[in-house]
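Descriptive analysis of the structure
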Amino acid sequence: MEAALKIAPGVMLWRERLDRAAQKALLDAVLGAAEFYRPVMPGSGAPFSVEETNFGPLGWYSDRDGYRYTATHPKTGAPWPAIPTALLALWDATTGYGAPPQCCLVNLYRAGARMGLHQDRDEQAADAPVLSVSLGDDALFRIGGATRRGPTQSLKLSSGDVLSFGGPARLAFHGIDRIVPGTSTLVPGGGRINLTLRRVTK
Ligand code: MD3
Ligand code: FE
């Protein structure tokens, strides 16, 4: 394995940490799991451009009533499927954190989808890192500091890349400016899938 790149304090990047076969296996696990839905913004009800689903005992969900973690799929009421074992192994190998992730949020970006700058603040386990796996088309990822104002840096994320955010980076503002359509053949129909592993409770 190539050594991790240190992007900023608390941010580590492993380029192409997953080979094509491992990417395909994860893609198949995602596509065979819970169906995607389109969350809406708290209050306004404006739809996200990203579609989502989850693996794990807790899934992240947003509707008019707010952001929260739920044990069941909002449309079907079924428990979320288990986190794929390859992702649990990746979490152990890259984070060394002493407890497994409880949530694997799956974001699906078709052409034109984006995610505005935000912080992830819905988790009580603030000491745990967040681990992100990119599949499919390239994305332009932006990360700043712990305040909305101030400098940001932009990073291209490609299929198989793995990023961890811990310590001083855990409350960094971040988002996806856009995806670059046609840069990968992995996802049928085109687009990008991001898997985010998190601890939720203390
Ligand atoms: C930095 N997802 O789901 S992953 C999200 O590519 C989210 O779908 C983006 O932001 C995506 O909340 C970015 C990279 C990421 C995830 C969580 C973080 C970066 C982070 C938490 C803290 C700091
Ligand atoms: Fe986020």
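The structure contained in this document is the topic of the report that follows. (Residues numbered from 1 in each chain as written. Chains lettered and ligands numbered in written order. Predicted model: local features only at pLDDT ≥ 70, side-chain atom pairs only at ≥ 80, totals over all residues. Heavy atoms only, no water.)

1. Here we look at the coordination of the iron ion (ligand 2)
For the record, the criterion: Sodium, potassium and calcium take a 3.2 Å donor cutoff, other metals 2.8 Å, and in both cases only N, O and S atoms count; water is not among them, so sites may look incomplete. Each helix is a run of DSSP H or I of at least 4 residues and each strand a run of E of at least 2, with the numbering of both proceeding from the N terminus. Between buried and exposed lies partly exposed: a residue is buried under 20% and exposed over 50% of the maximum accessible area for its type, with that area taken using a 1.4 Å probe on protein chains only.
Within the first shell, the iron ion (ligand 2) binds the protein through His118 (NE2), Asp120 (OD) and His174 (NE2), at distances of 2.0 to 2.2 Å. Sequence spacing of the donors to the iron ion (ligand 2): H-x1-D-x53-H. On the criterion of sequence distance, the pair formed by Asp120 in the loop between β7 (115-118) and β8 (130-136) and His174 in strand β12 (residues 174-180) is long-range, its members being 54 residues apart. Accessibility expressed as a relative area gives 11% for Asp120, which makes it buried.

2. Considerations on the pattern of salt bridges
Test applied: Here a salt bridge means any side-chain nitrogen of Lys or Arg lying within 4 Å of a carboxyl oxygen belonging to Asp or Glu.
Following the criterion strictly, the structure yields 9 salt bridges and no others. Close ionic contact of Asp161 with Arg15 constitutes a salt bridge, the shortest N to O distance being 2.9 Å. Separated by 146 residues along the polypeptide, Asp161 in the loop between β10 (153-157) and β11 (162-165) and Arg15 in the loop between β2 (11-14) and α1 (20-31) bring together distant segments of the chain. Assessed through its relative accessible area of 2%, Asp161 is described here as buried. The partner of Glu123 in a salt bridge is Arg170, with the nearest N and O atoms 2.8 Å apart. With Glu123 in the loop between β7 and β8 and Arg170 in the loop between β11 and β12, the pair connects residues that are 47 residues apart, well separated along the chain. Across the pair, Arg170 and Glu123 agree in class, each one buried.

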